[in-house]
Amino acid sequence: MKRMKKVFAVLLTLAMVLGMSITTFAAGEGTIQVNNLHENAQIQIVQIIKPDTEAKTGWTFTDLAGKEFLAAMQVAFAGASDQDIIAGLIKLQTPDAIFPNNVDITPVDISTSQYETALAAVSSYPAAVTATGTSYTYTITDTENGAGVYAVKGTDTEEFVYSPMAAYISFATYDATTGKPSALGTGTINAKKTTKKTEKTAKEETAGVDKTVEYEIKSTVPYISQNVAEPVYKIVDTLTGANYLNLTAIDPANVYGDEVTEAGTFKVKVTIQGQEAVMMDAAFETDKDGKNTFTLDLSEIVADRANANKSVTVEYGVKVKEVIVNNKAVSQSSHKDGSVVAGKPGEEDVYTAAVQISKTGEQNAKLNDAEFVLYYTDAEGTKQYATVKENEYKTEEPYNYVVTGWTDDLKKAGHIKTSTVNGVDGTAIIKGVDDDNSYFFKEVVAPDGYSLNEQDAGICEWSGEAADKKASASMTDTKLSSLPSTGGIGTTIFHHRRLPDHDRSSRIILRKPQKVCKIVKTAT
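Residues numbered from 1 in each chain as written. Predicted model: local features only at pLDDT ≥ 70, side-chain atom pairs only at ≥ 80, totals over all residues. Heavy atoms only, no water.

Description of the overall build of the protein
Right, on to step 1. Within the protein, the regular secondary structure consists of six helices and 34 strands.
Right, on to step 2. Taking all 524 residues of the protein together, 47% fall into the buried category.
Right, on to step 3. Across the protein, the fraction of contacts at a sequence separation of at least 24, relative to all contacts at a separation of at least 6, is 69%.
Right, on to step 4. A total accessible area of about 25,000 Å² is found for the protein, and carbon and sulfur atoms account for 47% of it. (Helix = DSSP H or I, 4+ residues; strand = E, 2+ residues; numbered from the N terminus. Buried < 20%, exposed > 50% of the residue type's maximum accessible area, 1.4 Å probe, protein only. Contact = heavy atoms within 4.5 Å. Areas by Shrake-Rupley, 256 points an atom, 1.4 Å probe, with all protein chains shown as cover.)

This is the structure:
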């Protein structure tokens, strides 16, 4: 114990680096508290250095786990004694540490990377314990032999990769007569981890063509070994079915400008935990598969190791252009050997909804060849008409028209014709609408032999999940009156939509009022 007293002040710093503990003192038992864990992380703790009054430093490596650590160190320092390596660990943390003159020790020059590698070589851990929250406390009851260094291993197969950790437990008090410790200190570790998965969410599950949708990426600034001189941390985002939008302001709300379609940079919003949100440049390009991508370089943030484990939130907007929007994000960061590795991507789909029109005549006859335009009324009270393109109906694409955009000019609206769809006559299904809107079908061409219905048909209640959300409308036409031929123009006049004002009183086109359903948006 006398030898241990001589180096006691030096050994208080044995915790060193890599998330090692800050030691405080408590009576009796010692504890190691591991903080900054992901919920349900698996924790394993084993002692690798313990007290030894006969050793030159007053410390020695434990059997099994300690010997595994020592063996890894001796690969790097062939011929070095266990005491030289323990002394080297002390010097790693406290370069100006001075050992007593009568102690024959030659500390080896250990780097952070070598220390990290040796910790990773430890395998003789006890069974893992599951942390119930974001911290875990380990209790040490052996006050006589419990001081020293403990290797701590964290495992989380889903979200994070934990860097090797170590905790130092000191003597709090010891019996001056016997030289035996009577109480241990406590140690606290802030776990350093690298994000394995990037979280990706959209603020809406369903949105129509030409609507702006905001996305959010959540990541964690990884801990990158000090041994990596130029650490890399990037977020790469890939988008199909939509175009990115340039962010023009973030206060008090995000404001978006033009669509991004040419290679270059555009602005996104970035918030680092504990810091003000800022607008940063993201590099845009179209990849070899024709997908839109941006790369956000956060290497300057990860270079400041004080940012490790802080949350990162990236916000940006896109404009929907197709019936399904797929968005995928992945983080890339430096490994301890300097290589750049990708984590597990986060992915989110946004779907457009569909509307269906069913056209019938008298006695519920299903009518093909009726033509409609689809519209909704915007916040300014202006009718917005759909432009459309035809689509071949199939199981994986159960619609025969797709919205391509919107116009306030009725003459530019796309015509939607009822036909036989999936074996059902008098039907048209249009994909690409937003379930936040109330839509109406306006008949512009009636089937041969039927009158044009001037009352627009509104959609009924939305049904289905986001991927197959749908609402329907129906309209019934009446037949034109059949008059005996008198050699005149016959029934030709009754095909006109409107008659001159002076003839309106003699019209005999019959119209059955159309049911307009109350619009109810169902929860998803």
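Having seen it, we continue.
So, the packing of helix α3 (residues 65-76) against helix α4 (residues 82-93)
Right, on to step 1. Here α3 crosses α4 at 85°, and the two axes come no closer than 11 Å. In this view, α3 runs roughly perpendicular relative to α4, as classed from their interaxial angle. In this structure, α3 uses F69, L70, M73 and Q74 to contact α4, whose residues at the interface are D82, I85 and L89.
Right, on to step 2. Classifying every residue of the contact of α3 with α4 gives five nonpolar, one polar and one charged. (Axes fitted to C-alpha atoms, helices over the stretch in contact; angles between N-to-C directions. Parallel < 35°, antiparallel > 145°, perpendicular 65-115°, else oblique. Nonpolar A, V, L, I, M, F, W, Y, C, P; charged D, E, K, R; others polar.)

A closer look at the layout of surface pockets
Right, on to step 1. Considered as a void within the structure, the largest pocket measures approximately 530 Å³ in volume.
Right, on to step 2. Residue lining of the largest pocket: 32 residues in total, with V161, Y162, S163, T194 and H335 positioned closest to the centre.
Right, on to step 3. When residues of the lining of the largest pocket are traced back to their parent elements, those giving at least two are α5 (112-120), β7 (148-155), β8 (160-162), β12 (193-195), β14 (212-220), β22 (324-334) and β23 (340-342).
Right, on to step 4. Sort the elements by how many residues they give to the lining of the largest pocket and β7 lands first, with four residues. (1 Å grid on protein atoms, 1.4 Å probe; cavity = no way out; pocket = protein on both sides within 12 Å on 5 of 7 lines; lining within 4 Å. Points joined across faces, edges and corners; volume = space filled by probe spheres on them.)

Regarding the pairing of strand β20 (residues 292-297)
Right, on to step 1. Bridge analysis of strand β15 (residues 233-240) against β20 gives six bridges, and the strand direction is antiparallel. What sits directly across from D237, in β20, is F294.
Right, on to step 2. With four bridges connecting them, strand β19 (residues 278-286) and β20 associate as antiparallel partners. Bridge assignment links F284 to a residue of β20, and that residue is F294.
Right, on to step 3. Following β19, the chain reverses through five residues before pairing antiparallel with β20; G290 in that reversal takes a positive phi of roughly 80°. (Pairing = 2+ DSSP bridges.)

As for the environment of Y233
Right, on to step 1. For Y233, the position within the fold is in strand β15.
Right, on to step 2. Using a relative accessible area of 1% as the deciding quantity, one classes Y233 as buried.
Right, on to step 3. Sequence spacing of Y233 and L298 is 65 residues, and the spatial spacing of their C-alpha atoms is 5.3 Å.
Right, on to step 4. Polar side-chain contacts of Y233 include one of 2.8 Å to the side chain of S219. (Polar contact = N/O pair within 3.5 Å; in protein donor to acceptor, adjacent residues only side chain to side chain.)

Quick word on the pairing of strand β11 (residues 181-190)
Right, on to step 1. Burial analysis of β11 places seven of its 10 residues in the buried class, the great majority of the element.
Right, on to step 2. Summarising the sheet, strand β2 (residues 30-35) and β11 pair through five bridges and their orientation is parallel. Across the sheet, residue V34 finds its bridge partner in β11, namely I189.
Right, on to step 3. Two strands pair when backbone bridges link them, and strand β10 (residues 171-174) and β11 are joined in this way by three bridges, in the antiparallel orientation. When the sheet's bridge partners are listed, T173 is paired in β11 with A183.

Some points on the confidence of the model for the protein
Right, on to step 1. Looking at the protein, pLDDT values average 85 and 85% of them are 70 or higher.
Right, on to step 2. Between residues 1-27, whose pLDDT stays under 50, and residues either more than four places distant or in other chains, the model counts 97 contacts.
Right, on to step 3. Residue range residues 518-524 is modelled with pLDDT below 50. Its contacts to residues more than four positions away, or to other chains, number 17 contacts. (pLDDT = per-residue confidence, 0-100.)

Let's talk about the packing of aromatic side chains
Right, on to step 1. For the structure shown, the criterion picks out 19 aromatic pairs.
Right, on to step 2. Measuring from ring centre to ring centre gives 5.9 Å for Y244 and Y316, while their planes differ by 65°; the resulting arrangement is edge-to-face. Placement of Y244 in strand β16 (residues 242-249) and of Y316 in strand β21 (residues 311-320) is noted, with a sequence separation of 72 residues between them.
Right, on to step 3. Among the residues examined, Y244 registers a relative accessible area of 0% and is labelled buried.
Right, on to step 4. On the basis of relative accessible area, Y316 is assigned to the buried category, the value being 1%. (Phe/Tyr/Trp six-rings, centres within 6.5 Å; stacked < 30°, edge-to-face > 60°.)

A short note on the environment of Q93
Right, on to step 1. Relative to the helices and strands, Q93 resides in helix α4.
Right, on to step 2. With 19 residues separating them in the primary sequence, Q93 and T112 have C-alpha atoms 9.5 Å apart.

Thoughts on the pattern of salt bridges
Right, on to step 1. Taken as a whole and judged by the stated rule, the model has 20 salt bridges.
Right, on to step 2. Among the salt bridges present, the one from E259 reaches K321, with a minimum N-O distance of 3.7 Å. Here E259, found in strand β17 (residues 255-259), pairs with K321, found in the loop between β21 and β22; they are 62 residues apart in sequence, far enough to count as distant.
Right, on to step 3. Overlapping salt bridges bring together K203, E214, K269 and E315 as one network. (Salt bridge = Lys/Arg side-chain N within 4 Å of Asp/Glu carboxyl O.)

Some remarks on the nonpolar core
Right, on to step 1. Judged by nonpolar contacts, the single largest core of 52 residues is most densely connected at I32, V34, L37, I48, F69, M73 and Y115.
Right, on to step 2. Look past the residues within four positions of V34 in its chain and what remains in contact with it is I45, T134, S135, Y136, V152, M165, I189 and A191.
Right, on to step 3. Of all hydrophobic cores here, the second largest spans 33 residues; its members include V213, V221, V228 and V320. (Core = buried A, V, L, I, M, F, W, Y, C linked by side-chain atoms within 4.5 Å.)

Some remarks on the environment of M73
Right, on to step 1. Examined against the element boundaries, M73 turns out to sit in helix α3.
Right, on to step 2. Residue M73 is classed as buried on the basis of its relative accessible area of 0%.
Right, on to step 3. Considering only alpha carbons, one finds M73 and T117, 44 residues apart in sequence, at a separation of 8.3 Å.
Right, on to step 4. Setting aside anything within four residues of it in sequence, one finds M73 in contact with I85, L89, I110, Q114, Y115 and A118.

Structural notes on the side chain of N453
Right, on to step 1. Locating N453 in the fold gives a position in the loop between β32 (440-445) and β33 (457-458).
Right, on to step 2. Under the relative-accessibility criterion, N453 is labelled buried at 4%.
Right, on to step 3. A distance of 2.9 Å separates the side chain of N453 from the backbone nitrogen of Q455, its partner in a polar contact.

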